[in-house]
Each structure stands twice: as structure tokens, then as C-alpha cells.
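# Descriptive structure summary
Here are the chains, one letter per residue:
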Amino acid sequence: MLRLISLLLVASLALAACAPAPEPTLGPDGKPLPKLYRINEGQSSNIQFRMLDSVNSLRAAAAAPPVAFDAQLNAAAATHARDMSLQNRPWHFGSDGSSPIDRARRVGFGGLFIGEAISETYETEVETLAAWLEEEGPRRIILDPRANVMGFNWFQESNGKIWWVLEMGAN
């Protein structure tokens, strides 16, 4: 009897694996429409380290040295992500007129500030990184060989919109 149940279980798993994957809903540009990506508190370090690993993989492919997290740049990124949400627009200036360099200095970053990448989206951090790499400015910042530290953070609104901020610098 146990053998029969085991065989039925294996057969049902095999059939389930053969089921076609659901087709993604496509937008007018032919790309899949984004799905709501909810971030819970338990995912925070996973998301940050997934981004760090992804950035370092891309940098290695471009023959650039790896970067490490910088707590001060992480703080600057978190502050700006929340501020962009309050302003309801993705841009590099704070509601107080601060620039990315100003914000990095405020949190005590004393190194060379290389640049900032920002995004307003419902997409994951990896999809956001891919979008940044399609743009010349953010791509240049992320792959800058002088960088050896980065900050990365986000703010998610209750409706699911995520404001991502990546800061690159050198100590």
C-alpha cells in the first residue's frame, strides 16, 4: 500500500511539473507588466546583500574592483528614499534643496562621493538594477572603477510603490 501511495505521489508531482507556466500580462511595449513586490522587515538584509552581490558581479565583469557597504551611504540612501516619497517625485534633490553630496556629508561620509542612482517603481531591486544599467548615467556610476563603497536603501509606500536609492563612493 505504501508503495502504491509513493508511486501515485511521484506521478502527481511529475504531472504537476508538466503544467504550463502562466503567461505574463504584457504592457503596450511588449514587456511584462510589473507585479506588486511587497517587502517585509525580514527581507531587508537579503535585499541589500542581493543588490551588493549583483553590483559586484557586474563590476567584476567590467574589470572594476568590488565594493562593500558603507553605513553612512546606507543612511544617506534611506533618508533620500523617504524624502523622494514625501515629495512624490524621483529626483536627486532633497525637499530642503540638498544635493546627494550634501546628504552624504550630513551623515558623516568623508570620502569621494561618486554618484547616486534613484528609482520610483513597483519592481524588485534586481529589476531596478537592470533598468539602471540601461541608462548611461547610472551605469557609469555603478561601474566606476574608483568606487570601493556603496550605500543602498529604499522606502516602500503603503500602496506598494518603492523608492530605491543607490549611492557610490570611495574611501
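Everything below is about the structure shown above.
Throughout what follows, the structure given in this document is the object of discussion. Note that the coordinates shown come from a computational prediction; the quantities given were computed from them, not determined experimentally. Within each chain, residue numbers correspond to sequence positions counted from 1 in written order. Given that this is a predicted model, residues contribute local features only at a pLDDT of at least 70 and side-chain atom pairs are listed and counted only at 80 or more, while totals for whole chains, interfaces and linings are drawn from all residues. Note that water and hydrogens are dropped before the side-chain values are worked out from all heavy atoms of the structure.

## Section: the nonpolar core
Within this scheme, the nonpolar core is defined by two criteria: the residues are buried Ala, Val, Leu, Ile, Met, Phe, Trp, Tyr or Cys, and they are joined through side-chain atoms within 4.5 Å. Any residue under 20% of the maximum accessible area for its type is buried, any over 50% is exposed, and the rest in between are partly exposed; the area is computed with a 1.4 Å probe on protein chains only. In this structure, Trp132, Met150, Phe152 and Leu166 are the most contacted members of the largest nonpolar core, which totals 23 residues. Broken down by secondary-structure element, the contributors of at least two residues to this core are α2 (44-61), β2 (112-121), α5 (125-133), α6 (136-142), β3 (149-156) and β4 (162-170). For this core, the element with the highest residue contribution is β4, accounting for five residues. Of all hydrophobic cores here, the second largest spans six residues; its members include Ala77, Ala81, Ile118 and Val165. A run of H or I in DSSP counts as a helix once it spans at least four residues, and a run of E counts as a strand once it spans at least two, with each numbered from the N terminus.

## A look at the packing of α2 against α5
The N-to-C vectors of α2 and α5 enclose an angle of 35°; their axes lie 10 Å apart at closest approach. Considering only the axes of α2 and α5, their crossing is right-handed. Here α2 contributes Ile47, Arg50, Met51, Ser54, Val55 and Leu58 to the contact with α5, which in turn contributes Glu125, Val126, Leu129, Trp132 and Leu133. What counts as an axis is a line fitted to C-alpha atoms, over the stretch in contact for a helix, and the angles between N-to-C directions run from 0 to 180 degrees. Handedness of a helix crossing follows the sense of rotation of the near helix relative to the far helix, less than a right angle counterclockwise being left-handed and clockwise being right-handed. In this analysis, two residues are considered to be in contact whenever any of their non-hydrogen atoms come within 4.5 Å of each other.

## Looking at the packing of aromatic side chains
Any pair of aromatic rings gets described here by the distance separating the centres and the angle formed by the planes. Only Phe, Tyr and Trp rings take part, Trp by its six-membered ring, and two of them pair if their centres are within 6.5 Å. Stacked means planes under 30 degrees apart, edge-to-face means over 60, and tilted covers everything else. Counted under the stated rule, the structure contains five aromatic pairs. On the numbers, 5.5 Å between centres and 65° between planes, the contact of Trp91 with Phe93 is edge-to-face. On the accessibility criterion, Phe93 (39% relative accessible area) is partly exposed. When the ring of Phe152 is compared with that of Trp154, the centres are 5.9 Å apart and the planes differ by 50°; the resulting orientation is tilted.

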